[in-house]
Amino acid sequence: MGSQSPSQWRKTMQRIDQKLLAALARLPALLLNPVTLVALMAGFVLSTCSPQRSPWEQIQADGTLRVITTNSATTYYLGSEGETGFEYDLVRRFARSLGLKLAIITADNPQDMINRLLNNEAHMAAGLTITHGRQQKLHFGPPIYAIRQQMVYRAGKPRPKNMEAAIAESRKRLLEVTPGSSHAEHLEVVEAEDPALHWVENPYANSEELLYRVAEGEIDYTIAHSHLIRLTSRYYPQLRVAFDIGEPQQLAWAFAPQDLDKLLPRAEKFLEDARKSGELSRIIDRYFSDTDNLGYVGAIKFAEHVRTRLPLYEKAFKEAAEVNNLDWRLLAAVGYQESHWNRNARSPTGVRGLMMLTNATARQMGIKDRTDPFQSIKGGARYLREQIDRQPPEITEPDRTWMGLATYNIGHGHMIDVRELTRQLGANPYHWIEVRKHLPLLMQARWHRRTKYGYARGREAMGYVANIRSYYDILRWMTTTEEMPPPEGVDPAIIKRPDAPTRALDIDSPIL
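Per chain, residue numbering runs from 1 following the sequence as it is written. For a predicted model such as this one, the threshold for reporting local features is a pLDDT of at least 70, and the threshold for listing and counting side-chain atom pairs is 80 or more; totals across whole chains, interfaces and linings nevertheless cover every residue. In computing side-chain values, all of the structure's heavy atoms are included and hydrogens and water are not.

A. Local environment of the packing of aromatic side chains. Pairs were defined over the aromatic rings of Phe, Tyr and Trp, the Trp ring being its six-membered one, requiring ring centres within 6.5 Å. Orientation was assigned from the angle between planes: stacked under 30 degrees, edge-to-face over 60, tilted for the rest. All chains considered together, the criterion is met by 16 aromatic pairs. Seen from their ring centres, Phe302 and Tyr471 are 4.9 Å apart, and the 25° between their planes marks the pair as stacked. Of the two residues, Phe302 is situated in helix 13 (residues 295-308) and Tyr471 in helix 22 (residues 458-478); the sequence distance between them amounts to 169 residues. When accessible area is computed with a 1.4 Å probe and restricted to protein chains, residues below 20% of their type maximum are described as buried, those above 50% as exposed, and intermediate ones as partly exposed. Looking at Tyr471, the relative accessible area reads 7%, which means it is buried. When the ring centre of Trp328 is taken as reference, the NZ or CZ atom of Lys318 above it lies at 5.0 Å. Directly above the aromatic system of Tyr472 lies the positively charged group of Arg476, at a separation of 5.1 Å from the ring centroid. Under the scheme used here, helices are H or I runs from DSSP no shorter than 4 residues and strands are E runs no shorter than 2 residues, and both carry numbers assigned from the N terminus. Only lysine NZ and arginine CZ atoms are considered, and such an atom sits over a ring when it is within 6 Å of the ring centre and within 35 degrees of the ring normal.

In structure tokens form, the structure reads like this:
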């Protein structure tokens with residue numbers, strides 16, 4: 001206290017006197033002895049004068065940023081490659097920018113996430129949308145990504161055209177949502193205006209589980225966010241969107257009121273820099289750009305071929321991928337895009353085989369018989385590895401792989417051309433999201449005349465990479481065998497299906 005002024009000292013002593021008198025009033029008379037009074041006085045003085053760490057100082061002292069979120073394909077989950085997910089990718093970069101380690105805490109549902117954030121179990125929450133109700137409790141950072149709430153039903157079942165129709169059907173058709181979600185918040189508002197609405201908050205299911213239940217016909221409707229529906233529809237193609245609900249919502253990071261002084265401004269700056277540099281757009285592209293590519297018929301056909309054709313070549317894909325340092329599922333996805341795993345495939349231009357190698361490419365890769373599916377897989381793996389390795393060193397993953405796939409399709413020279421056009425037009429030639437946008441220019445005379453290698457079917461290359469990314473994502477999902485533990489207090493038998501697969505590709509799923 002030596003640095004305090006006389007007036008500050010008087011105020012400090014007044015606060016001590018007030019606290020002491022309040023404490024004395026609560027103490028039994030028998031405790032009022034000189035020893036007790038001295039101890040109380042010392043304790044109050046120390047508590048008044050000792051410096052308290054701010055939340056930011058505590059974060060720095062621990063060296064760890066604690067982020068709470070839910071398990072979801074759009075937020076965070078443990079895949080076969082380890083921790084992944086859109087929100088995880090973004091907060092991991094944020095923590096790294098602060099020189100901190102990242103600790104992910106998973107909540108059972110959005111309400112659990114909010115409660116635990118307010119209880120100081122985490123420094124911030126990721127994966128929440130901004131709603132009026134949540135703004136009364138939390139502070140949100142800048143908007144990250146716009147999504148919509150959508151009513152979902154199963155193909156072949158009655159489709160509600162709007163919320164009024166859903167309300168009319170709600171007595172005989174089951175509508176379930178996740179507890180504490182923005183969907184539940186919206187339904188509470190609707191129910192206040194129209195008590196005829198019947199709906200259920202399922203405490204044992206997140207949004208992905210509810211989408212699965214709709215696909216299986218266990219419930220009639222659910223409400224989910226558009227980006228999760230797009231991802232999930234590839235695995236459960238029976239899902240259909242009935243209608244959009246309300247205005248678009250913004251995903252944003254949420255902070256408890258006590259953590260605003262230092263952490264929120266740093267989050268705002270990080271997101272602003274990520275938006276300006278294009279890093280945020282690239283992360284969004286990585287997770288959500290090709291989610292609508294397959295369609296219902298394409299997904300069903302792919303699922304059929306996974307069951308009937310892939311087992312014939314799975315071992316060959318794995319062996320060739322290991323030799324060439326590739327993910328075997330990526331190699332299999334390329335093979336499916338090229339031939340649908342048909343060993344007798346042949347293009348109008350004479351390209352043949354499971355990996356559709358030209359004669360020249362087969363010779364270059366040391367393949368004697370390109371129509372032999374196992375030789376074709378070996379040659380395709382070597383060629384893909386070569387195309388990825390030929391990309392400029394400035395291109396990092398995953399862009400490096402997407403560029404390599406495009407090169408596999410249209411050739412190295414045309415990729416040099418499109419990167420140069422991308423550079424000339426002021427975009428970054430080392431980012432796939434920018435190069436992809438400029439691929440169609442190779443089909444326009446006023447642009448391809450400026451290039452060294454001329455015309456190329458750039459739009460076809462866009463679709464080629466998009467399809468492979470979709471097939472690859474589905475195969476990754478199918479081959480993820482790690483199980484998440486059930487929520488505390490929930491009987492595992494409730495959430496674990498008795499027919500759970502014992503082998504990665506023996507999955508009993510609506511898509512199969």
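Now, onward.
B. View of the environment of Leu442. With respect to the secondary-structure elements, Leu442 resides in the loop between helix 20 (432-438) and helix 21 (445-448). In this structure the C-alpha to C-alpha distance between Leu442 and Asp417, which are 25 residues apart in sequence, comes to 8.2 Å. It only takes one pair of heavy atoms within 4.5 Å for two residues to be counted as in contact. If we skip the residues at most four places from it in the chain, Leu442 touches Ile410, His414, Asp417, Val418, Leu421, His448, Thr451, Gly454, Tyr455 and Ala456.

C. Summary view of the side chain of Gln150. Within the element layout of this structure, Gln150 appears in strand 7 (residues 145-154). For Gln150, a relative accessible area of 12% gives the class buried. Within polar-contact distance, the side chain of Gln150 engages the side chain of Asp244 at 2.9 Å. Counting of polar contacts relies on pairs of N or O atoms within 3.5 Å, with two restrictions inside protein: one atom must be capable of donating a hydrogen and the other of accepting it, and residues adjacent in sequence are counted only when both atoms are side-chain atoms.

D. Structural view of the pattern of salt bridges. By salt bridge we mean one thing: a side-chain nitrogen of Lys or Arg within 4 Å of a carboxyl oxygen of Asp or Glu. Enumeration over the complete set of coordinates arrives at 23 salt bridges. Residues Arg93 and Asp89 are paired through a salt bridge, measuring 2.9 Å at the closest nitrogen-oxygen approach. Taken as a pair, Arg93 and Asp89 lie in helix 4 (residues 86-97) at a separation of four residues, close to a single helical turn. A relative accessible area of 22% places Arg93 in the partly exposed class. Since its relative accessible area comes to 1%, Asp89 is described here as buried. Across the salt bridge formed by Arg476 and Asp473, the nearest N and O atoms sit 3.4 Å from each other. Here the residue Arg476 and the residue Asp473 both occupy positions in helix 22, the gap between them amounting to three residues, near one helical turn. Sharing partners across several salt bridges, the network here consists of Asp89, Arg92, Arg93, Glu279 and Arg282.

E. Expanded view of helix 11 (residues 263-277). To estimate the expected span of a helix, subtract one from its residue number and multiply by 1.5 Å. Taking 1.5 Å per residue, 15 residues should reach 21 Å; helix 11 reaches 21 Å between its end C-alpha atoms and fits that length. Along helix 11, the residues classified as buried are Leu263, Leu264, Ala267, Phe270, Leu271 and Ala274. For helix 11, the angular spread of buried residues about the axis comes to 120°, placing them on one side. Seen from the buried face of helix 11, the exposed residues on the opposite side, beyond 90 degrees, are Lys269 and Lys276. Check the buried side of helix 11 and you find it contacts helix 3 (55-62), strand 1 (64-70), helix 4, strand 6 (139-140), strand 11 (239-255) and helix 12 (279-288). Backbone geometry just downstream of helix 11 places Gly278 in the positive-phi region, at approximately 90°. Starting at the helix axis, one direction is taken to each C-beta atom, and the arc is that of these directions.

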